[in-house]
Amino acid sequence: MSAILVVNSGSSSFKYQLIEIETEQVLASGLVERIGEDAGHTKHTTPDGSWESDDPIADHTAGFAAMLAAFGDHGPSLDEHPLTAVGHRVVHGGKRFHEATVVTDLVKINIEDLSELAPLHNPANLAGIDAAQKAFPSVPQVAVFDTAFHQTLPPAAYTYAIDASLAERQRIRRYGFHGTSHKYVAGATAEYLDRPLSSLKTIVLHLGNGASVCAVDGGRSVETSMGMTPLEGLVMGTRSGDLDPAVLFHLNRKTGMGFAELDELLNRRSGLLGLSGKGDMRDVQKAAAAGDEAAELALEVYLHRIRGYVGAYYAQLGRLDAIVFTAGVGENNPLVRARSLAGLEGLGIEVDAARNEARGLGARTISTESSRVAVLVVPTNEELEIARQSFAAVAG
Ligand SMILES: Nc1ncnc2c1ncn2[C@@H]1O[C@H](COP(=O)(O)OP(=O)(O)O)[C@@H](O)[C@H]1O
Ligand SMILES: CC(=O)OP(=O)(O)O
Ligand SMILES: [Mg+2]
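Now for a look at the structure at hand. None of these values were measured; they are calculated from a predicted model.

Thresholds applied
Residues numbered from 1 in each chain as written. Chains lettered and ligands numbered in written order. Predicted model: local features only at pLDDT ≥ 70, side-chain atom pairs only at ≥ 80, totals over all residues. Heavy atoms only, no water. Helix = DSSP H or I, 4+ residues; strand = E, 2+ residues; numbered from the N terminus. Buried < 20%, exposed > 50% of the residue type's maximum accessible area, 1.4 Å probe, protein only. Polar contact = N/O pair within 3.5 Å; in protein donor to acceptor, adjacent residues only side chain to side chain. Contact = heavy atoms within 4.5 Å. Pairing = 2+ DSSP bridges. Near = heavy atom within 4 Å. Areas by Shrake-Rupley, 256 points an atom, 1.4 Å probe, with all protein chains shown as cover. Nonpolar A, V, L, I, M, F, W, Y, C, P; charged D, E, K, R; others polar. Core = buried A, V, L, I, M, F, W, Y, C linked by side-chain atoms within 4.5 Å.

Here's the deal with the side chain of Gln141
Its place among the elements puts Gln141 in strand E8 (residues 141-145). For Gln141, a relative accessible area of 3% gives the class buried. Within the structure, Gln141 has its side chain in polar contact with the side chain of His88 (distance 2.7 Å). If near-sequence neighbours (up to four positions away) are discounted, Gln141 is found in contact with Val86, His88, Thr101, Val102, Val103, Ala132, Gln133 and Phe136.

Section: the pairing of strand E4 (residues 41-46)
Across five bridges, the pairing between strand E3 (residues 26-33) and E4 is antiparallel. What sits directly across from Ser29, in E4, is Thr45. Here E4 folds back onto strand E5 (residues 49-53), and the loop between the two strands holds two residues.

Here we look at the side chain of His81
Here His81 shows up in the loop between helix H1 (60-74) and strand E6 (83-90). Every residue in contact with His81, bar those within four places of it in the chain, is listed here: Met1, Ala3, Leu27 and Pro76.

Here we look at the site of ligand 2
In the vicinity of ligand 2, the contacting residues are Arg89, His121, Asp146, Phe177, His178, Gly210, Met226, Pro230 and Arg239. In the environment of ligand 2, an oxygen atom lies 2.7 Å from a nitrogen or oxygen atom belonging to the side chain of His178. Considered on its own, ligand 2 offers 260 Å² of accessible surface; in the complex 82% of this is hidden by protein. Split by residue class, the shell around ligand 2 holds three nonpolar, three polar and three charged.

Section: the pairing of strand E10 (residues 211-217)
Within E10, six of the seven residues are buried, which leaves it mostly tucked inside the rest of the structure. One ladder, built from seven bridges, connects strand E9 (residues 201-207) with E10; its direction is antiparallel. Its bridge partner lying in E10, Thr202 is registered against Val216. Where E9 folds back onto E10 in an antiparallel hairpin, the turn is made up of three residues. Note: E10 against strand E11 (residues 220-224), four bridges, orientation antiparallel. Counted as the bridge partner of Ala215 is Glu223 from E11. Where E10 folds back onto E11 in an antiparallel hairpin, the turn is made up of two residues, including Gly218, whose phi is positive at roughly 60°.

What to know about the nonpolar core
Formed by 53 residues in total, the largest nonpolar core has its most connected members in Leu207, Tyr302, Val310, Ile323, Val336 and Ile349. When residues no more than four places from it in sequence are discounted, the contact partners of Ile323 are Ile203, Leu205, Val310, Leu341, Ile349, Val373, Ala374, Val375 and Leu376. Membership of the second largest hydrophobic core comes to 24 residues, among which are Ile4, Ala100, Val324 and Leu384.

Shown next as structure tokens:
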């Protein structure tokens, strides 16, 4: 039976899943980490078990070879599951890409051209595409863009109030990210509530390492917190989110920090990590519970920012059916869910303590019976969404 291989490339790692098309079963999943370092790390998981190795991996091509070797050694056999397509997560699609796109030389040139808007992400995504083309020369490659779902943002939401012609020339506007996740979760929410997506107004909170909010109106993204790059908006593991841009002028004048250093500061040494020394929410929460004041403040800043976006997006939507938590923190952290929405009873938002604490798999309601707005946890599945869109792109 045929399958889609989904590849999510980061700068020094990639994650993959082999998904059977008809049943949407995950036949295998894995990750290849520490590419280019002295010791690499590969983990391959199938329904039969898990295998790990620490052999060095020079580059993404070697990483691909390591993944193929894992399929060869531990299965499933790619001969029994011939690939219909390889689906790649590509972070920045600019204004150009509205939907999943079969990769051609021209598409690759466009992705490369957009690297200046996403220097941390797009080059790695391209390396993944190159490696997959070498490994599977006769299989179509499909690019699925994080930005595509946000192409429906109205001009008032995507325009920054700066010199209009300069912004146009330099492609400066809000693009938004995590679109594959927001789209999947909005659809899964409509299914769970058993209501047509076209009638629903929801706020989706994707709280992972990177974090973003999206207001979804009738299945269309109408507002989102990430901007020209994935730096704007919520407080993240290592990214600052919203910041007065004058902070950068000030730091440059006072300390001589240049652009490269400032970029590194805001993308890699800020957020929870910058405030508390810990970038993982589990560690921040543990430290805060043990009385660490910096960790408690980091948590409060994180929650305060979420609460502000919920209020703002509620106002933009005018009416609200559901608030949906998803991704690593959103799915697994009841404290963040309860505290970020605490005090919003006046807006018709009431989280039920017992429902919120109850462990569960799949979509579930955590609001009270009387809450006017449903509060839900809906697990995201970017890989499945990429597989579905990749299949649609080659089939159609
Ligand atoms: N099982 C879990 N329990 C509690 N927190 C979790 C769990 N899994 C992930 N997280 C939190 O989610 C964050 C990472 O989110 P995730 O969506 O996995 O990241 P990524 O953006 O890298 O895909 C971390 O801050 C971590 O604390
Ligand atoms: C776009 C983005 O921020 O992605 P991630 O959350 O994977 O870092
Ligand atoms: Mg994730």
